[in-house]
Amino acid sequence: ASMVVLTSEDARAAGVDVDSLSFTVPVDTANGRAMAARARLSEVSVGPIVETDVPALVARQEALRTSLLGLTFLDRLSSWRVEGDRLLLTP
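Because the structure is predicted, anything quoted here is derived from the model rather than measured. (Residues numbered from 1 in each chain as written. Predicted model: local features only at pLDDT ≥ 70, side-chain atom pairs only at ≥ 80, totals over all residues. Heavy atoms only, no water.)

Undergrad: Give me the pattern of salt bridges: which residues, what numbers.
TA: What the rule picks out here adds up to five salt bridges. Residues Arg-33 and Asp-28 are paired through a salt bridge, measuring 3.1 Å at the closest nitrogen-oxygen approach. With respect to class, Arg-33 is no different from Asp-28; both count as exposed. In this structure, Arg-81 engages Glu-83 in a salt bridge whose closest nitrogen and oxygen atoms are separated by 2.7 Å. On the basis of relative accessibility, which here comes to 42%, the residue Arg-81 falls in the partly exposed class. A relative accessible area of 41% means that Glu-83 is categorised as partly exposed. (Salt bridge = Lys/Arg side-chain N within 4 Å of Asp/Glu carboxyl O. Buried < 20%, exposed > 50% of the residue type's maximum accessible area, 1.4 Å probe, protein only.)

Listed below in structure tokens is the structure:
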């Protein structure tokens, strides 16, 4: 994914006011076209790696089954790679 994309449920759990978002960004998913809303996440952490002020999208409710860790987070790292079924992150 080019951006971090949260399900509406994960966005709510992260403190995003989903009800105030404007779902005007069309996105293509494995299940077809869906609408998402732009958001900024004050913090995204994966283990000991913490990034702040991360651009993201929030998918409409039930448009996405799981949140996606996209390039708006991954591009901030020194490196990242996939080995088999593991994603290896270097801060």
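Undergrad: So what's going on with unusual backbone geometry? Residues and values would help.
TA: Peptide bonds are, in most cases, trans, and in most cases residues other than glycine have a negative phi. Positive phi, normally seen in glycine, also occurs at Asp-53, with a value near 55°. Here Asp-53 lies in strand S4 (residues 49–59). Among the residues examined, Asp-53 registers a relative accessible area of 43% and is labelled partly exposed. Positive phi is not limited to glycine here, since Glu-62 has a value of about 70°. Among the secondary structure elements, Glu-62 is positioned in the loop between S4 and helix H2 (71–74). In this structure Glu-62 comes out as exposed when scored by relative accessible area, which is 72%. (Helix = DSSP H or I, 4+ residues; strand = E, 2+ residues; numbered from the N terminus.)

Undergrad: So what about the sheet that holds strand S3 (residues 32–46)? Which residues, and what values?
TA: In space, the four strands of this open sheet follow the order S1-S4-S3-S2, with mixed pairing throughout. A strand with exactly one partner marks an edge of an open sheet, and here the two such strands are strand S1 (4–6) and strand S2 (25–29). Within this sheet the neighbouring strands show an average axis-to-axis angle of 55°, counted without direction. Pairing of S3 with S4 involves ten bridges; the strand directions are antiparallel. Residue pairing for S4: Arg-40 is matched across the bridge by Pro-55. (Pairing = 2+ DSSP bridges. Axes fitted to C-alpha atoms, helices over the stretch in contact; angles between N-to-C directions.)

Undergrad: Residue-level account of the pairing of S4, with values.
TA: Relative to S4, S1 is paired through three bridges, and the arrangement is parallel. When the sheet's bridge partners are listed, Val-4 is paired in S4 with Ala-56. Between S3 and S4, which pair antiparallel and follow one another directly, the connecting turn spans two residues, one of which, Gly-47, has a positive phi of 60°.

Undergrad: Pulling in residues and values, what's your account of the environment of Thr-52?
TA: Relative to the assigned elements, Thr-52 resides in strand S4. C-alpha separation for the pair Thr-52 and Arg-40, spaced twelve residues apart in sequence, amounts to 9.1 Å. Not counting chain neighbours up to four residues away, the residues in contact with Thr-52 comprise Leu-41, Ser-42, Glu-43 and Arg-76. (Contact = heavy atoms within 4.5 Å.)

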